[in-house]
Amino acid sequence: MEHARKAIYNLFGGEPLSYTRFSLARQPDGDSSHVEMKLSAEDEEGGENGVLDHVHTRPVKPRKTNRHLCVSSVAVLVFFAGFLFGYLSFRARTPEPRECANGLEPCKSAQCADVDEPVQPAGQVRGPEPEPMLYWSDLQNKLSEKLDGISFQPKIRRISAASHEAGSGADEDLANFVYSEFGSYSLGDVWKNEHYVRVQVPGSSPNVVSLEARGGIRETLDASKAYVAYSASGAVAGKPVYANFGRSEDFNVLREKKISVTGTVILVRAGMIPFAEKVANAQKLGAVGVLIFPSPADYRGLGGDVAQFGHAHLGTGDPFTPGFPSFNHTQFPPAESSGLPRIPAQTISSSDASKLFSDFLLYRYVVVGAQRDSWGPGAVKSGVGTAILLELARAVSELVKNEGYKPRRSLVFASWSAGDFGAVGATEWLEGYAATLHLKAFAYINLDSAVAGTGDFRFSASPMLKQLLKEAITNVKEPRFLGNTLPNKEIPFRMDNAGFAFLAYSGIPSVSFSFTNAGGSEYPHLSTTEDTLDKLLSYFTSGDHLDITVRAAAEIAGRMAVRMTHDHELYLDFNSYDDKLLSFVRKLLPYNKDLQGMGLHLRWLLVARGDFSRATNALKMAIQNTDLYNKVACRALNDRIMKVEYHFLSPYVSPRDTPLRHIFFGSGPHTLQALVDHLSLLKTNKSSFDEDLLRNQLALATWTIQGAANALSGDIWDIDNEF
């Protein structure tokens, strides 16, 4: 799915394009006439930098000027998906702990919600509401309630009523059904997406302030009378980037984080430095526009719908007569100050800024997906997974719309086609957005064939998601046979599993699971005309028994998805790869003498593994010592956590020639298992051993691991390496 882009249109008023000034003739009482300045982008030509080529002098009455801005984005067609936005709210201050009714202990649950709120002093403006106190245990119970009593059979029967091969008319009909179902759940957005087709939807009205989200859904923001004088006029489009106060040191932080400012719309807090410096700093680094808002933390007592006035001229005096007094403009040729900006700038209120924050600052997401197509009826192949996908979308949407849950990240519900041909739909999406997807999607939950029997359980997962899966299956109502046997239920990812593509190709942690018949035996009717709902029911004692099992699968997937949008830090077990690396190194130790005989040693590999271990320990300490309510600090920690899986993709092999680049889960001579297998030839088939190949394998494995350690550390200068 395409990342959403924001567009802003900075147009002043609706008058003819002119710059209106009065001659400043001294009055007997020392007063001078009123000066009003207005820029417009209509009816007259402007200068090359968005300012006027001609100056007109005429006295006019003072009047108010409305400035408007428009934000738009790009809709990209890949597949059908429902998008549930995350929310972000501003915190004016941390609320004091409440006491329970007995007055003896702090309030720890929603049951104390009936304690009277403190009376707001007269005249005092109420600050933004604090983040809702919806505890994980309450949320877990609410999710269970939403799924309780649901029968999945009608949807499974509807989905598997006939063959629906990828690209067929039946597949299109089913796609429309999925689209319609998503739409009925009041999701934030529901859109249709096909590959390689881009449709950009510009703002239809240039004289409003609006935010256009994915799927063409437009939210109009409050129009403000405040504006930024001397701003350039024109229409610009770009992704929003938050830059704190817009100081030079704030942009340096973005540069260190490798966040490009070029072509973006900068969102900055008012204060610390003048508006003009903020705009100039953004322009210097290639930004196309600036939005300035008063943060409630800095402007306590200011109304949430109030914007500020300011100017963007980096200088003093009349910018159109630099160095000269403005007595008679006809005496001087047209001129302008070098301090005038070439990009538009606009002030917005804190409430409008909050809406922007909720749309782009939290634009990270968990992807939950299921195969939609099937050769034959496909009750297990696609029916079960798609039914779970739809019911989860409905349940989570109700949690957000009706239960007060405000996720910190977003959820994407994806329905893939062409899964029968080797996870084509999912892989094409990953390939289409390979350059940026790993910066946004941080986990994938695969629902394909989630119920294929009863009596046993199997799963495949990135090490980073195993702990999450373990917690998700705890206390699931039915079935109860899992217990503490989960470690014995793991199987390797199959190459045709969509989760494998997310993990091995894109470096995104993924998990796939299935309830199976006893012993983990494969469902015998997959990919045949016998893959019907009636055949699936024959493996259960009753229809209710099937629904209980499918409901359990839905609850497990739902718990994992919602938990990853609930916590401040990303629920990814980055420490898990310590054990994986230690196990790999131990496999090499028996060959240490053989390596020394070739003039090689394991020193640098051991150093890289040690650096990775130290980086994970440092990150754990950083999480413990960081105020996770500080959104900027928390995001910085999550940036480091997200990099772990991705940086196990070898940067030394071509994605075109070797697309499965993961050194643990990929395929090719760059993988750690390939290195071990090659080294084992020294004892099993020495004539097939290639010393040059081994040298390359050992070097590339070492530096891939070292790179992952550096990325996890967060600051390359914290790693002490010798070269």
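Up top is the structure these notes are about.
Residues numbered from 1 in each chain as written. Predicted model: local features only at pLDDT ≥ 70, side-chain atom pairs only at ≥ 80, totals over all residues. Heavy atoms only, no water.

With respect to the overall build of the protein
Stated precisely, the cut-off is as follows: Secondary structure elements follow DSSP: runs of H or I of four or more residues count as helices, runs of E of two or more count as strands, with numbering from the N terminus. A simple rule labels every residue: compare its accessible area, found with a 1.4 Å probe on the protein chains alone, to the largest value its type can have, and call it buried under 20%, exposed over 50%, or partly exposed in between. Two residues qualify as a contact provided that any one of their heavy atoms is within 4.5 Å of a heavy atom in the partner residue. Computed with the Shrake-Rupley method and a 1.4 Å probe, the accessible areas treat only the protein chains shown as cover for residues.
Per the secondary structure count, the protein includes 18 helices and 23 strands. The buried share among the 723 residues of the protein stands at 54%. Across the protein, every contact between residues at least 6 apart in sequence was considered, and the portion connecting residues at least 24 apart equals 80%. For the protein, the computed accessible surface area is about 32900 Å², with 52% contributed by carbon and sulfur atoms.

Side note on the sheet that holds strand β14 (residues 240-242)
Rules: Each pair of strands is called paired provided DSSP finds at least two bridges between the two strands. Lines fitted to C-alpha atoms define the axes, with helix axes restricted to the stretch in contact, and inter-axis angles between N-to-C directions lie between 0 and 180 degrees.
Read from one edge to the other, the open sheet built from four strands follows the order β14-β15-β16-β18, with strand pairing classed as parallel. The two strands at the open ends of the sheet, each matched to only one other strand, are β14 and β18 (345-347). Averaged over all neighbouring strand pairs, the angle between strand axes comes to 25 degrees, with direction disregarded. Summarising the sheet, strand β15 (residues 265-269) and strand β16 (residues 289-293) pair through five bridges and their orientation is parallel. Of the residues in β16, the one forming a bridge with Arg269 is Phe293.

Brief notes about the pairing of β15
Heads up, the condition is: For crossovers, right-handed means that the path from the first strand over the helix to the second runs clockwise, given strands pointing away from the viewer.
Where burial is concerned, most of β15 is hidden: five out of the five residues are buried. In β15, alternate side chains face the same way, and those of Val265, Leu267 and Arg269 on one face and Ile266 and Val268 on the other are all buried. Crossover connection from β14 via helix α4 (residues 248-256) to parallel β15: handedness right-handed. With helix α5 (residues 275-284) bridging β15 and the parallel β16, this β-α-β connection has right-handed handedness.

What about the nonpolar core?
Threshold: Working definition of a nonpolar core: buried Ala, Val, Leu, Ile, Met, Phe, Trp, Tyr and Cys residues. They are joined through side-chain atoms within 4.5 Å.
Counting residues in each nonpolar core, the largest one holds 138 residues, and the members touching the most others are Val367, Ile388, Ile445 and Ile556. Per-element tally for this core: the top contributor is helix α7 (residues 379-402), with 13 residues. Apart from the residues lying within four places of it in its own chain, the contact partners of Ile445 are Val366, Val367, Val368, Gly369, Val511, Ala557, Met560, Ala561 and Met564. Core analysis: the second largest hydrophobic core is formed by 18 residues, Ala243, Phe275, Ala282 and Ala345 among them.

Digging into the pattern of salt bridges
Let me state the cut-off plainly: Every case where a carboxyl oxygen of Asp or Glu lies within 4 Å of a side-chain nitrogen of Lys or Arg is listed as a salt bridge.
Enumeration according to the criterion identifies 26 salt bridges in this entry. Here Asp171 ties to Arg372 by a salt bridge, and the two come within 3.1 Å at their closest N and O atoms. You can see Asp171 sitting in helix α3 (residues 169-184) and its partner Arg372 sitting in the loop between β19 (365-371) and α7, a full 201 residues away along the chain. A relative accessible area of 5% places Asp171 in the buried class. A residue is classified by how much of its surface remains accessible, and Arg372, at 4% relative accessible area, is buried. Linked through salt bridges whose partners overlap, the residues forming this network are Lys142, Lys146, Lys155, Glu181, Glu391, Arg394, Glu398 and Glu403.

Quick word on the packing of aromatic side chains
Test applied: Working definition: rings of Phe, Tyr and Trp (its six-membered ring) pair if their centres are within 6.5 Å, and the pair is stacked with planes under 30 degrees apart, edge-to-face with planes over 60 apart, and tilted otherwise. Two conditions define a charge located above a ring, namely a distance within 6 Å from the ring centre to NZ of Lys or CZ of Arg, and an angle within 35 degrees of the ring normal.
According to the stated counting rule, one finds 13 aromatic pairs in the structure shown. Taking 5.6 Å as the distance between ring centres and 45 degrees as the angle between the ring planes, the aromatic pair formed by Trp416 and Trp429 counts as tilted. You can see Trp416 sitting in strand β20 (residues 410-416) and its partner Trp429 sitting in helix α8 (residues 424-432), a full 13 residues away along the chain. Each member of the pair Trp416 and Trp429 is classed as buried. With 6.1 Å between their ring centres and 50 degrees between their planes, Trp429 and Phe502 make a pair best called tilted. Of this pair, Trp429 sits in helix α8 while Phe502 sits in helix α10 (residues 498-505), and the two are 73 residues apart along the sequence. Among the residues examined, Trp429 registers a relative accessible area of 0% and is labelled buried. Under the relative-accessibility criterion, Phe502 is labelled buried at 0%. Site record: aromatic cluster; members linked through ring pairs are Trp416, Trp429, Tyr444 and Phe502. Above the face of the Phe177 ring, Arg158 is positioned so that its terminal group lies 4.6 Å from the ring centre. Residue placement shows Arg563 over the ring face of Trp136; its charged tip is 4.8 Å from the ring centre.

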